[in-house]
Every structure is written in C-alpha cells, then in structure tokens.
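A look at the structure
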Amino acid sequence: MTAHTLAGGTFQLAEGLPVGRMGYGAMQLAGPGVFGPPADRDAAVAVLREAVELGVNHIDTADFYGPYVTNQIIREALHPYDGLVVVTKVGAVRDAEGAWIHQRSPEQLRAQVHDNLRNLGVDALDVVNLRVGGGDDGHSAVPGSIAEPFLALVEMQQEGLIRHLGISTVNAEQVAEARSIAPIVCVQNAYNVAHREDDELIDSLAAQGIAYVPYFPLGGFSPLQSEVLDAVAARLGATPMAVALAWLLRRSPNILLIPGTSSLGHLRENVAAVSLDLPDDVLDALDALA
C-alpha cells in the first residue's frame, strides 16, 4: 500500500510513518460488551481485511478488548502487517466478569505490553497509548501526574519493545507533562461535533504536528442534537455516523479517525465519509450543535 492510496489523505504520525486519516477501531470485533469472542470470527477477519482493501492502514486496538480476542483476530487477519500501523493501549485489564480494571504500575504495564506483543505476534509495538483518566463516565480526564506510568513506557521504548508513545483520556496539563518526559505522536480522547471540550488542545497539538485521535464520534448526543444530525444526514443521503466523521475530518488536519464496526456495510459507509462534501450551511448547523 502506498501513501497516496491511504483513506482520507495522510498524516505523518512520526518520521517515515504515514497513516491514512481514516483508520479503523477494532474494539467492536470482540463479543458483547467488548468481552469474549465474536459470534462470527470469520466475519471479524473479513471486516479487517476489507478495511485494508479500502485504504485503511491505521488499526487501533488494545489487548483488554476481549481480552486478547481482538488482537488475536487482528493477527489472524493481517499479520505480518505490511504497510500497516497497529496502535494499541495499556493501562487497564478485564476481570472475570468483564469489568474494566485500572492497572498502571510499572510492573502491570510491562505485563500488558508483553501481552500485546505476544498476541499481535510482533517484536516491537508501533505505538502504545497510555490510557489514564476515566472518571465517573469512564472517558473523562482525571487530573494528576502521569509521570510514573509514562516513564515505565519510556523505559520499554528504550529497550526496543515500543517504537512510539501516545497518551489517552488526558487533559492539557498531562499532555504537557508527558511531552516534558519524552516525545508523543498522538493523543486519544473522547471528542465529537457535540462535545468539544478539547478544541483548544486539538489546535495546540496541530501546531506541534501531533495527531489527535477522537473516540465516541457519536457519543453523548442529546435528542435535539441527534435530530439535527439526522436531518443533515438525510439531506446529504448519508448516515449520521458518516456526517459526524466527515465533520471531524474537516475540523483539523491532525485529526485521525478510528470508527469501529463489525459490519462490512457499516465499514464501507464509514470509509465513504472521506469523500462526503459538507456545504457551508451544513457546517454551520453542525458547529452549532456544541
């Protein structure tokens, strides 16, 4: 796969590491509640392979999806990952009932990195995001130093187990703290057209050449906001998800998208968002949602 074929144009995640701005998030390949295996493993493999055929080279994952299940499916479908960038995250595990448990001590993070290496079948991970925060809603930044867990990842980077570092579910102060310790290539936070608390952070990262990877592109919409989005989608002959993704692509050139789905049809609709034109009056209506 060459750079000009990548979905949504390209962004240099790091030197010599171009990624398409339209990526794929693998979370939904696991079973219900992101726990256990999917009902149809062959279908999950097919979705991954189709994503690559559509020009996706940025795959977002985590070993706590399943757990282990999603990374093992990625390995079956895409190994040895020629031309692909697989981005994973650490900072949590799952208990026997599927609950999400924070684990961020240096020893715990090292174990998680080795789990990702083993299940993805690689000697070094392209990018590892340290996922912190969570809060009452599960996806909000929680103030406080992230130096200790981030330094643990830096140590593993120096050992050659990790090529590049990122952080997730963080605030601007934590971004600055991480950057004072070591370079980061991406920040992954909850953000969408209706929830834009990170507007200033996105612009700051863009000026520094750092990617911003929003998750929950349709999360937390009010009924009124959903009605506006639905009306725009109907006018354009697109899905609400495609409209939300197209708006994110227009928002800033450093935004990389990782929509997830277990459906081939939805995958194609999501990737089609890269060519969806949003007229000025539509952009005005969408901007007003915030």
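An unreviewed UniProt entry lists the protein chain under the name Aryl-alcohol dehydrogenase-like predicted oxidoreductase, from Amycolatopsis viridis.

This next bit is on the overall build of the protein chain. For the protein chain, the count of helices and strands is 10 helices and 11 strands. Relative to its length of 290 residues, the protein chain is compact, with a C-alpha radius of gyration of 18 Å against a globular reference of 19 Å. Principal axes of the C-alpha set define a box for the protein chain whose edges measure 50 × 45 × 40 Å. Across the protein chain, every contact between residues at least 6 apart in sequence was considered, and the portion connecting residues at least 24 apart equals 73%. Considering the protein chain, the positive charge centre built from 17 side chains and the negative charge centre built from 35 side chains are found 4 Å apart.

Take the packing of aromatic side chains next. What the rule picks out here adds up to 5 aromatic pairs. The interplanar angle of 90° and the centroid separation of 5.5 Å between the aromatic rings of Phe64 and Tyr65 together place this pair among those described as edge-to-face. Aromatic side chains Tyr215 and Phe216 sit 5.0 Å apart centroid to centroid with 80° between the ring planes, which places their arrangement in the edge-to-face category. Judged by relative accessible area, which is 11%, Tyr215 ranks as buried. Through pairs of rings, three or more aromatic residues link up here, namely Phe64, Tyr65 and Trp100.

On to the UniProt feature "domain: NADP-dependent oxidoreductase" (unreviewed entry) in the protein chain. Sites flagged by UniProt as "domain: NADP-dependent oxidoreductase" (unreviewed entry) map to residues 21-289. Helix makes up 41% of residues 21-289 and strand 15%, whereas the separation of the span's terminal C-alpha atoms amounts to 23 Å.

Turning our eyes to something else, we now look at the nonpolar core. Residues Tyr24, Leu153, Ile167 and Leu286 are the most contacted members of the largest nonpolar core, which totals 75 residues. Other than its neighbours up to four places away in sequence, Ile167 contacts Asn129, Leu130, Ile146, Phe150, Gln174, Val175, Ala178, Ile184, Cys186, Val187 and Gln188. In terms of nonpolar packing, the next biggest core, distinct from the first, is built from 14 residues, Ala14, Val87, Val185 and Ile258 among them.

The subject of this paragraph is the environment of Gln225. Locating Gln225 in the fold gives a position in helix α7 (residues 223-236). A sequence separation of 26 residues divides Gln225 from Arg251, and the C-alpha atoms of the two residues are 18 Å apart. With residues up to four places along the chain from it excluded, the contact list for Gln225 reads Ala194, Gly220 and Leu289. Polar contacts involving the side chain of Gln225 include one to the main-chain amide nitrogen of Ser222, which spans 2.8 Å. In terms of polar contacts, Gln225 uses its side chain to reach the backbone carbonyl oxygen of Leu289, at 2.8 Å.

Ordered in space as β3-β4-β5-β8-β9-β10-β11, the 7 strands form an open sheet in which the pairing is parallel. Bordering the open sheet on either side are β3 (24-25) and β11 (211-215), each of which pairs with just one other strand. As paired elements, strand β4 (residues 58-60) and strand β5 (residues 85-90) share 3 bridges and run parallel to each other. Note that in β5 the partner of His58 across the bridge is Val85.

Cut-offs used in this document
- Residues numbered from 1 in each chain as written.
- Predicted model: local features only at pLDDT ≥ 70, side-chain atom pairs only at ≥ 80, totals over all residues.
- Heavy atoms only, no water.
- Helix = DSSP H or I, 4+ residues; strand = E, 2+ residues; numbered from the N terminus.
- Rg over C-alpha atoms; globule rule 2.2 N^0.38 Å.
- Contact = heavy atoms within 4.5 Å.
- Lys, Arg positive; Asp, Glu negative; His and termini not counted.
- Charge placed at Lys NZ, Arg CZ, Asp CG, Glu CD.
- Phe/Tyr/Trp six-rings, centres within 6.5 Å; stacked < 30°, edge-to-face > 60°.
- Buried < 20%, exposed > 50% of the residue type's maximum accessible area, 1.4 Å probe, protein only.
- UniProt positions renumbered as here; feature names shortened; annotations may be inferred.
- Core = buried A, V, L, I, M, F, W, Y, C linked by side-chain atoms within 4.5 Å.
- Polar contact = N/O pair within 3.5 Å; in protein donor to acceptor, adjacent residues only side chain to side chain.
- Pairing = 2+ DSSP bridges.

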